[in-house]
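Chain by chain, the residues run as shown.
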Amino acid sequence: MNDHRRRLRGDDAAETPPGVGTFLGTGAGSAAYRRAMDAAVDAVLDVTADGPYSGATYDELADELAVDPLPETGEGLDETLAWVREHVLANSVVTSHPTCVAHLQCPTAIPALAAETMLSAVNQSMDSWDQSPAATVVEETMVEELCSLFGYDTDAADGVFTSGGTASNLLGLLLARDRYVAETFDRRVQDEGLPAEASDLRILCSDTGHFTAEQSAAVLGLGEEAVVSVLTDDDYRMDPEALDAELERLDEDGKRPFALVATAGTTDFGSVDPLPALADRAADHDLWFHVDAAYGGALAVSDTHREKLAGVDRADSVAVDFHKLLYQPISCGAFLVRDGRHYDLIDRNASYLNPETDEAAGVPNLVGKSLATTRRFDALKPFVTFRTLGREGVAELVDYTLALADDVAELVERDPALELAADPTLNAVVFRYRPLRSHPDRETGDWVDAVNRRIRDHLLERGLGVVARTEVDGDAYLKLTLLNPQTTVDDVADLLVSVKQYGAAVESEVVE
Ligand SMILES: *Cc1c(COP(=O)(O)O)cnc(C)c1O
């Protein structure tokens, strides 16, 4: 008889099952948990003190990290965590470092880290109420609060936590498509698929909008070419007159525009499309108005900057990310819809998960609001952060970074060796190094592009700063996304000195 059978028969009461000590629920588990958490915390605190990045290249890391991820016998936790600390954490970008300023990748608020630890440990799954009783209520409460922050009527509005803007934008455009097809062709896409006219469906989005509009169009079976790119003004905001012209052209061509995507906080410039003017167009042309506020949605908490989102309450749906300007660990986003009845378009009941009898009994199963089934209790993170800091506390962080970006933009503008691409709307500053020396071979834009690209690579390789690259009208630029409320203007000034020193070195061929 094997151990398992013997145990089941109770022949050997002293035998402990293999999980004891590896899971919570016993004294041994509690002790192991505490030790593991302490060790994990020690490992994290050990590495965050150094620079923004070790400077290791991909090839170096591929070598360094070449271990067997599934050894025949285990190494034990102490050894494993020590290895992770030394090789993985030490070669991670340090998001809390003042000069880790490349992307919309935020330092994580400590209350959120505590929440992350708790939600992972209790492992609630948000698809059905019986897998997440209190968590379902907390998520509903957070969604309602967000709806109210964005000016929605909370009785009618609804929403769900998502893995981020990609998922939220897809969900918004899915509802938009299905509503249009239902109203225009009396056809339920969920059941019958797309109508023959689907190749005429069009989505309008600015030329600085996020690529997930195109990606969603492709996933939704419309193809990326279904997204019509609308020109922006000098501040990288959608130009309403250009939108009018596109709508007229689509009408003449017999196309079927059904959705207008506005961006509140473009990835490069943080620009916010003129929401009221776009909401008017959407209403006039019966377009679903989706606002991608993945980045800029955070302004809703700020008394100083909330007005930049004026008009967002007229959106049919909104995407907002917490893992960008709201300081939550990845992943954490939300999708909001002004009229929750639109969820009927993607209604689904699984007898084992959300039987219709539950609905009749008033038990919510959130699976019907999301494209994910098993889903994390990410709502706990902003819940704990917001309750800890309060709205004013969160707003103070956001406001600080917007003011910092203004100060940095001013530094850049005053410096003859640097060129600012645009005044920042949120906290991203796009600029480039301007070579001072002229050289017959170096008058071309290609040379300036090459110098700027090398500056960015150099800063990363030397661990001086994690800075992003982007293009403006085909030219190479550098970008600082100043999300970190601990970064000072002096930190950035130092980084800019490094930018100029290396730029000058490249120019005078001190480096090859
Ligand atoms: C980041 C971002 C996205 C994508 O969101 P994820 O959270 O990365 O999935 C979409 N739109 C905008 C404007 C963004 O900034």
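The model shown is predicted, which means the values in this text are computed figures rather than measured ones.

Topic: the sheet that holds strand β8 (residues 418–420)
Moving on, step 1. Pairing in this open sheet of four strands is antiparallel, and the strands run β8-β9-β11-β10 from one edge to the other. The outermost strands of the open sheet, each flanked by one partner alone, are β8 and β10 (468–472). Taking the axes of each pair of neighbouring strands and ignoring which way they run, one obtains an average angle of 40 degrees across the sheet.
Moving on, step 2. Docked against the sheet, helix α13 (residues 380–414) engages β8, β9 (428–433) and β11 (475–481), running at close to 130 degrees with respect to β8.

Notes on the pattern of salt bridges
Moving on, step 1. Tallied over the entire structure, the rule returns 30 salt bridges.
Moving on, step 2. Residue Glu419 pairs with Arg434 through a salt bridge whose shortest N-O separation is 4.0 Å. Of the two residues, Glu419 sits in strand β8 while Arg434 sits in the loop between β9 and α14 (445–461), which places them 15 residues apart along the sequence.
Moving on, step 3. Of the residues examined, Glu419 reaches a relative accessible area of 24% and is grouped as partly exposed.
Moving on, step 4. The exposure class assigned to Arg434 is partly exposed, which follows from its relative accessible area of 37%.

Here we look at the site of the ligand
Moving on, step 1. In the vicinity of the ligand there are 15 residues, among which Thr166, Asp292, Asp321, His323 and Lys324 approach most closely.
Moving on, step 2. Within the backbone of Gly165, a nitrogen or oxygen atom sits 2.8 Å from an oxygen atom of the ligand.
Moving on, step 3. Here an oxygen atom of the ligand sits 2.5 Å away from a polar atom, N or O, in the side chain of Thr166.
Moving on, step 4. Expressed as a share of its isolated accessible area of 380 Å², the protein-covered part of the ligand is 86%.
Moving on, step 5. Each residue belonging to the shell around the ligand can be placed in one class, and the counts come to three nonpolar, nine polar and three charged.

Quick word on the domain arrangement of the protein
Moving on, step 1. One can read the domain layout of the protein as domain 1 (17–91), domain 2 (125–376) and domain 3 (386–511).
Moving on, step 2. Computed from C-alpha atoms alone, the centre-to-centre distance between domain 1 and domain 3 is 34 Å.

Considering the UniProt feature "modified residue: N6-(pyridoxal phosphate)lysine" (unreviewed entry) in the protein
Moving on, step 1. UniProt records the feature "modified residue: N6-(pyridoxal phosphate)lysine" (unreviewed entry) at Lys324, using the numbering of this structure.
Moving on, step 2. On the secondary structure map, Lys324 appears in the loop between β6 (317–321) and β7 (333–337).
Moving on, step 3. At 3.2 Å, the side chain of Lys324 and the side chain of Asp321 are in polar contact.

Brief notes about a nonpolar patch on the surface
Moving on, step 1. The grouping of Val41, Val44 and Leu45 at the surface amounts to a nonpolar patch, some 260 Å² of accessible area in total.
Moving on, step 2. Summarising the element assignment, Val44 is placed in helix α2 (residues 27–47).
Moving on, step 3. Take Val44: its relative accessible area is 42%, and that puts it in the partly exposed class.

Overview of a negative patch on the surface
Moving on, step 1. Judged by side-chain charge, Asp59, Glu60, Asp63, Glu64, Glu86 and Glu461 come together as a negatively charged surface patch.
Moving on, step 2. A total of four residues in the negative patch trace back to one element, the largest contributor, which is helix α3 (residues 58–64).
Moving on, step 3. Examined against the element boundaries, Glu461 turns out to sit in helix α14.
Moving on, step 4. Assessed through its relative accessible area of 49%, Glu461 is described here as partly exposed.

Some remarks on α14
Moving on, step 1. Here α14 is 17 residues long and its end C-alpha atoms lie 24 Å apart, about the 24 Å a rise of 1.5 Å per residue gives.
Moving on, step 2. Turning to α14, its buried residues number three or more, namely Trp447, Val448, Asp449, Val451, Asn452, Ile455, Arg456, His458 and Leu459.
Moving on, step 3. Looking at the buried residues of α14, the elements they touch are β9, β10, β11 and α15 (489–507).
Moving on, step 4. Among the residues trailing α14, Gly463 stands out with phi positive, at a value near 65 degrees.

A closer look at the nonpolar core
Moving on, step 1. Among the nonpolar cores identified, the biggest contains 67 residues, and Leu204, Leu260, Phe289, Val291 and Phe322 are the most heavily contacted of them.
Moving on, step 2. With seven residues, the single largest contributor to this core is α13.
Moving on, step 3. Summarising the domain contributions, this core has at least three residues from each of domain 2 (125–376) and domain 3 (386–511).
Moving on, step 4. Ignoring sequence-local partners within four residues, the contact set of Leu260 consists of Leu204, Met238, Leu243, Leu278, Ala282, Leu287, Trp288, Phe289 and His290.
Moving on, step 5. Judged by nonpolar contacts, the second largest core, of 28 residues, contains Ala213, Val261, Trp288 and Phe335.

Describing the side chain of Asn91
Moving on, step 1. Within the secondary structure layout, Asn91 lies in the loop between α4 (77–88) and α5 (110–122).
Moving on, step 2. Dropping the residues within four chain positions of it, Asn91 is found in contact with Tyr53, Ser54, Ala56, Leu61, Glu64 and Glu86.

Details of the packing of aromatic side chains
Moving on, step 1. Under the counting rule described, the total for this entry stands at five aromatic pairs.
Moving on, step 2. With a centroid separation of 5.4 Å and an interplanar angle of 15 degrees, the aromatic rings of Phe161 and Phe322 are classed as stacked. You can see Phe161 sitting in strand β1 (residues 158–162) and its partner Phe322 sitting in the loop between β6 and β7, a full 161 residues away along the chain.
Moving on, step 3. By relative accessible area, which is 0% here, Phe322 ends up buried.
Moving on, step 4. Ring geometry for Phe322 versus Phe386: centroids 6.3 Å apart, planes at 55 degrees, classification tilted. A residue pair is termed long-range when its members are at least 10 positions apart, and Phe322 in the loop between β6 and β7 and Phe386 in helix α13 qualify at 64 residues.

Reading guide: rules and limits
- Residues numbered from 1 in each chain as written.
- Predicted model: local features only at pLDDT ≥ 70, side-chain atom pairs only at ≥ 80, totals over all residues.
- Heavy atoms only, no water.
- Pairing = 2+ DSSP bridges.
- Helix = DSSP H or I, 4+ residues; strand = E, 2+ residues; numbered from the N terminus.
- Axes fitted to C-alpha atoms, helices over the stretch in contact; angles between N-to-C directions.
- Contact = heavy atoms within 4.5 Å.
- Salt bridge = Lys/Arg side-chain N within 4 Å of Asp/Glu carboxyl O.
- Buried < 20%, exposed > 50% of the residue type's maximum accessible area, 1.4 Å probe, protein only.
- Near = heavy atom within 4 Å.
- Polar contact = N/O pair within 3.5 Å; in protein donor to acceptor, adjacent residues only side chain to side chain.
- Areas by Shrake-Rupley, 256 points an atom, 1.4 Å probe, with all protein chains shown as cover.
- Nonpolar A, V, L, I, M, F, W, Y, C, P; charged D, E, K, R; others polar.
- Domains from an automatic or database assignment.
- UniProt positions renumbered as here; feature names shortened; annotations may be inferred.
- Patch = residues over 30% accessible without salt bridge, like charges linked within 9 Å, V, L, I, M, F, W, Y side chains within 5 Å.
- Lys, Arg positive; Asp, Glu negative; His and termini not counted.
- Charge placed at Lys NZ, Arg CZ, Asp CG, Glu CD.
- Expected span 1.5 Å × (residues − 1).
- Core = buried A, V, L, I, M, F, W, Y, C linked by side-chain atoms within 4.5 Å.
- Phe/Tyr/Trp six-rings, centres within 6.5 Å; stacked < 30°, edge-to-face > 60°.

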